[in-house]
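Close look at the chain arrangement
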Amino acid sequence: MRQKTIITSTLLCLGLASSPSLLAEISITPPPSIAQPTTTPTADGRTPTPAAIVPPTETAIDAINNDASLDPPPVGGTVNANDPREKIKDAVVKVHIVQHTYDTMSPWNSDSQKGSGSGLIIAGNLILTNAHVAADSTFLEVQRHGETKRHEAEVVYISHESDLALLRTKDVNAYKNITPLELGDLPKMQQPVEVYGFPIGGNTLSVTRGVVSRIEKQNYVHTGENLMAAQVDAAINFGNSGGPVISGGKVVGVAMQSGFLTENIGYMIPTPIIRHVLEDTKDGKIDGYGFHGFLTQSMENPAMRHKYGLTDAQTGMLVHKVYKNSPADGKIQIGDIVTEIDGHKIENNGTVEFRPGEFIDHTHYIDMHQIGEDIKFKVIRNSQLQEVALKLDKPGKEYLLVKPNQYDKQPTYFIFGGLVFMPLNQDVIDSMDGTPARIGTLTYESPDEIRNEAVIMTKVLPADINKDYHHDSNLLIEKINGEKIHNFRDFYQKVQSATGDFITLQAADDYQLVIDRKDAIARQPQILAQYGVNADRSKDLQISEPLNAPAPVAAPVTVAPTAPVVAAELPPPAVTTPAAQPVTPVVVPAPQPAAPVVGGSHP
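Remember, it's a predicted structure, so these values are computed and weren't measured experimentally.

1. Some words on the overall build of the protein
Within the protein one finds 11 helices and 30 strands. When burial is assessed residue by residue, the protein has 58% of its 603 residues classed as buried. Within the protein, contacts between residues at least 6 apart in sequence are counted, and of these 69% link residues at least 24 apart. For the protein, the exposed surface amounts to about 24,200 Å²; the carbon and sulfur share of it is 51%.

2. Section: the pairing of strand β6 (residues 137–144)
Two faces belong to every sheet, and in a regular strand the side chains alternate between them. Buried residues dominate β6, accounting for 7 of its 8 residues. As paired strands, strand β3 (residues 92–102) and β6 are joined by 7 bridges and run antiparallel to one another. Residue Q99 lies in a different strand from β6, and its bridge partner there is S137. Sheet analysis places β6 next to strand β7 (residues 151–159), joined by 3 bridges and oriented antiparallel. Pairing of V142 across the sheet is with H151, part of β7. Linking two consecutive strands that pair antiparallel, namely β6 and β7, is a turn of 6 residues; a positive phi of about 85° is found at G146 within it.

3. Remarks on the sheet that holds strand β12 (residues 244–247)
Ordered by their spatial adjacency, 6 strands build a closed barrel running β9-β10-β11-β14-β13-β12, and the pairing between neighbours is antiparallel. Averaged over all neighbouring strand pairs, the angle between strand axes comes to 45°, with direction disregarded. The sheet contact formed by strand β9 (residues 192–197) and β12 spans 2 bridges and is antiparallel. Bridge pairing links V195 to V245 in β12.

4. Comments concerning the pattern of salt bridges
Inspection of every chain in the model, using the stated rule, returns 26 salt bridges. Several salt bridges share partner residues, and in doing so they unite R85, E194 and R209 into one network.

5. Let's talk about the environment of I274
Mapped onto the secondary structure, I274 falls in helix α4 (residues 271–280). For I274, a relative accessible area of 1% puts it in the buried group. Placed 20 residues apart in sequence, I274 and V254 show a C-alpha to C-alpha distance of 8.4 Å. Every residue in contact with I274, bar those within four places of it in the chain, is listed here: L128, L164, L183, G253, V254 and I269.

6. Quick word on the packing of aromatic side chains
Scanning the entire structure with this criterion turns up 8 aromatic pairs. Ring centres 5.4 Å apart and planes at 70° place the aromatic pair F294 and F377 in the edge-to-face group. With F294 in strand β15 (residues 294–297) and F377 in strand β21 (residues 374–381), this residue pair connects regions lying 83 residues apart in the sequence. Of the two residues, F294 and F377, both sit in the buried class. Each ring, one from F421 and one from F491, has its centre 4.8 Å from the other, and the planes form 55°; the classification is tilted. Of this pair, F421 sits in strand β24 (residues 419–423) while F491 sits in helix α9 (residues 488–497), and the two are 70 residues apart along the sequence. Note on F421: relative accessible area 1%, which makes it buried. Ring pairs connect the aromatic residues F291, Y323 and Y399, which therefore count as one cluster. The lysine or arginine in question, K321, covers the ring of Y323, its NZ or CZ lying 4.9 Å from the ring centre.

7. Structural notes on the pairing of β7
Of all 9 residues in β7, 7 are buried; the element is thus mostly enclosed. As paired strands, β7 and strand β8 (residues 164–169) are joined by 6 bridges and run antiparallel to one another. Bridging from a neighbouring strand, S159 pairs with L164 of β8. Taken together, β7 and the strand that follows it, β8, pair antiparallel across an intervening segment of 4 residues, in which D163 is found at a positive phi of about 55°.

8. Topic: the confidence of the model for the protein
Residues of the protein with pLDDT of at least 70 account for 76%, and the chain-wide mean is 81. Note on residues 1–78: pLDDT under 50 across the span, and 263 contacts to partners over four residues away in sequence or across chains. In this model, residues 546–602 is a region of pLDDT below 50 whose contacts with residues beyond four sequence positions or in other chains number 224 contacts.

9. Quick look at the side chain of D163
For D163, the position within the fold is in the loop between β7 and β8. A polar side-chain atom of D163 sits 2.9 Å from a polar atom in the side chain of H132. With residues up to four places along the chain from it excluded, the contact list for D163 reads T129, N130, A131, H132, Y220, H222, M256 and I269.

What counts, and at which threshold
- Residues numbered from 1 in each chain as written.
- Predicted model: local features only at pLDDT ≥ 70, side-chain atom pairs only at ≥ 80, totals over all residues.
- Heavy atoms only, no water.
- Helix = DSSP H or I, 4+ residues; strand = E, 2+ residues; numbered from the N terminus.
- Buried < 20%, exposed > 50% of the residue type's maximum accessible area, 1.4 Å probe, protein only.
- Contact = heavy atoms within 4.5 Å.
- Areas by Shrake-Rupley, 256 points an atom, 1.4 Å probe, with all protein chains shown as cover.
- Pairing = 2+ DSSP bridges.
- Axes fitted to C-alpha atoms, helices over the stretch in contact; angles between N-to-C directions.
- Salt bridge = Lys/Arg side-chain N within 4 Å of Asp/Glu carboxyl O.
- Phe/Tyr/Trp six-rings, centres within 6.5 Å; stacked < 30°, edge-to-face > 60°.
- Lys NZ or Arg CZ within 6 Å of the ring centre and 35° of its normal.
- pLDDT = per-residue confidence, 0-100.
- Polar contact = N/O pair within 3.5 Å; in protein donor to acceptor, adjacent residues only side chain to side chain.

Okay, here's the thing in structure tokens:
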């Protein structure tokens, strides 16, 4: 179960002030929330397949032993070309980025900002970095250590849930003579490591040292996805994000985030997660992580264990929810006790021993599977031991009513009669000043035949035609003119196709908002102009209009065009406002300690 971090918009990340997509470098202890699914789709719901992309493979570099990699560099004299460190440094790059982001609650407003991060050259002429470095990018350049020339780059693959992105220089021969770095194994506890990157305070490469101090599942700050992370005591400073963590001459992780208000605590994405993403790209697209379809709770309580007849030797987790139409539907039952996953014994607290004396939440083994693969469980049902195989059929996001954070696109919105409507997703919830109880409960629901997306009125642009509603905000819209709403597109089309004098919206407990349809249409341009809104709907709604819909109403505002997004996984953002002036870059990495996951990896 993925936990979500709420991060205030006042924090800085990678030099971008209040940038929603780049707040992933300052960690805050998160309150429990619903697990978020994976893989951000395009506007039409698909994950595009980049053209002419060769799946990445791993190639070996010269062998380097652990001791040699940590010997101090020579003092004075010329650089030794045979020094293992020099070959590593050759494959480390600084990533310069221009990002275009939107104000979630006022999505007609946008901003362009500059920042930077780090990256490493791997096999296949690819550059590996963090997703939060490359997210919402409109222009990317990479600059190798020891060079002054920058090469324009583009995003080939991006996995927001893994906080990893793969870039490629537009000049395919830019780094063809550079020996790529090779991935190593998951490091052991107290194994020495070196962190390479370009933190603030200078323009040259920085190398810091430390040891691995902890390996467990953590909430990744970028999207709140709960995945394996390794804690290190090497300094991971602002700007190290995306840089390699080296041990024994091989990459054992990618610097991700550092502790907030802590000293010498940083986190890296370990190689099992990196390998999962690389394997995921082999079919030309990012699928993300699957969901097995049920949630569990711990069984450390003696009374609970006694009720279900468990002996002292029997351990496991109690199933308390099964998602409809999921892989577990019809195969797993509420009250089952899950004792093993892929041959690994599950303890009463939900962990498994992945190495002698080291435990991790059992959902890590779900994370390690690709979409389409089977997971094998052993369960106790009615005191009988059974084996169950579940196929991960689709990404976890498909089982959630509230969809995850979005990147590289303008948030969907529609304004009518001065009322602002949006689909409810994690971005909207994160932007709220506290989550209303009714909205919070939706984060635990799955789509059904009646509703596969919730619609929310986020705020009101006050005018005489919406008088008495000025203080209403964050209202879930349940019905329009007495008809239930299937999703946001359905709501939008019902408003557009209405022909009566009034449009009546019903929220919870039949609370009503009544709009004079003709007055709303007539007053729309004036309201938009009054509040500086240049379009009454987002670009994705303008692309596909209902046949009987009126033309979009827009205020007379001059709009400056912006460059298209380069991320191959997502559509270009629909930009409707002039870009703001960039802020001074301040580069940042940082993690968040995660709350323990109780039952299922995704959602």
